[in-house]
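Single-letter residue listing:
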Amino acid sequence: MKKKEEEKIACHVCRKLIPKATALHAEGQEYVLHFCNIECLDHWKKQQKREEA
Ligand SMILES: [Zn+2]
């Protein structure tokens, strides 16, 4: 039996494999990105701002 919680995805920033159920995500216009923790999410957010500026 396969549980959904056991599905693993790679963090968008550090590429660490994490259970999908515990991943943080950010939604873009046409995509969803996954992050292992708040630090990676912040890192990505800062990068986005830098690119916009
Ligand atoms: Zn990460």
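Refer to the preceding data block for the structure.
In this report, we go over the structure that sits alongside the text. Please read all numbers here as calculations on a predicted model, not as lab measurements.

### Regarding helix H1 (residues 38–52)
Part 1 of the argument: In this model H1 runs 21 Å from its N-terminal to its C-terminal C-alpha over 15 residues, within 8% of the 21 Å that 1.5 Å per residue would give.
Part 2 of the argument: Residues Cys40, Leu41 and Trp44 constitute the buried set of H1. Looking down the long axis of H1, one finds its buried residues gathered within 100 degrees of arc, a one-sided arrangement. Among the exposed residues of H1, those pointing more than 90 degrees away from its buried face are Ile38, Glu39, Lys46, Lys49 and Arg50.
Part 3 of the argument: At its buried positions, H1 is contacted by strand E3 (24–27) and strand E4 (32–35).

### Here we look at the environment of leucine 24
Part 1 of the argument: Turning to its location among the elements, leucine 24 is positioned in strand E3.
Part 2 of the argument: For the pair formed by leucine 24 and asparagine 37, sequence separation is 13 residues and the distance between their alpha carbons is 6.4 Å.
Part 3 of the argument: When near neighbours in sequence (up to four residues on either side) are disregarded, leucine 24 contacts Leu33, His34, Phe35, Asn37, Ile38 and Leu41.

### Let's talk about the nonpolar core
Part 1 of the argument: Core analysis: the largest hydrophobic core is formed by 11 residues, namely Ile9, Cys11, Ile18, Ala23, Ala26, Leu33, Phe35, Cys36, Cys40, Leu41 and Trp44.
Part 2 of the argument: Among the secondary structure elements, those contributing two or more residues to this core are E4 and H1.
Part 3 of the argument: Of all the elements, H1 adds the most residues to this core, at three residues.
Part 4 of the argument: Setting aside chain neighbours within four positions, we find alanine 26 in contact with Tyr31, Val32, Leu33, Phe35, Leu41 and Trp44.

Basis of the calculations
Residues numbered from 1 in each chain as written. Predicted model: local features only at pLDDT ≥ 70, side-chain atom pairs only at ≥ 80, totals over all residues. Heavy atoms only, no water. Helix = DSSP H or I, 4+ residues; strand = E, 2+ residues; numbered from the N terminus. Expected span 1.5 Å × (residues − 1). Buried < 20%, exposed > 50% of the residue type's maximum accessible area, 1.4 Å probe, protein only. Arc of directions from axis to C-beta. Contact = heavy atoms within 4.5 Å. Core = buried A, V, L, I, M, F, W, Y, C linked by side-chain atoms within 4.5 Å.

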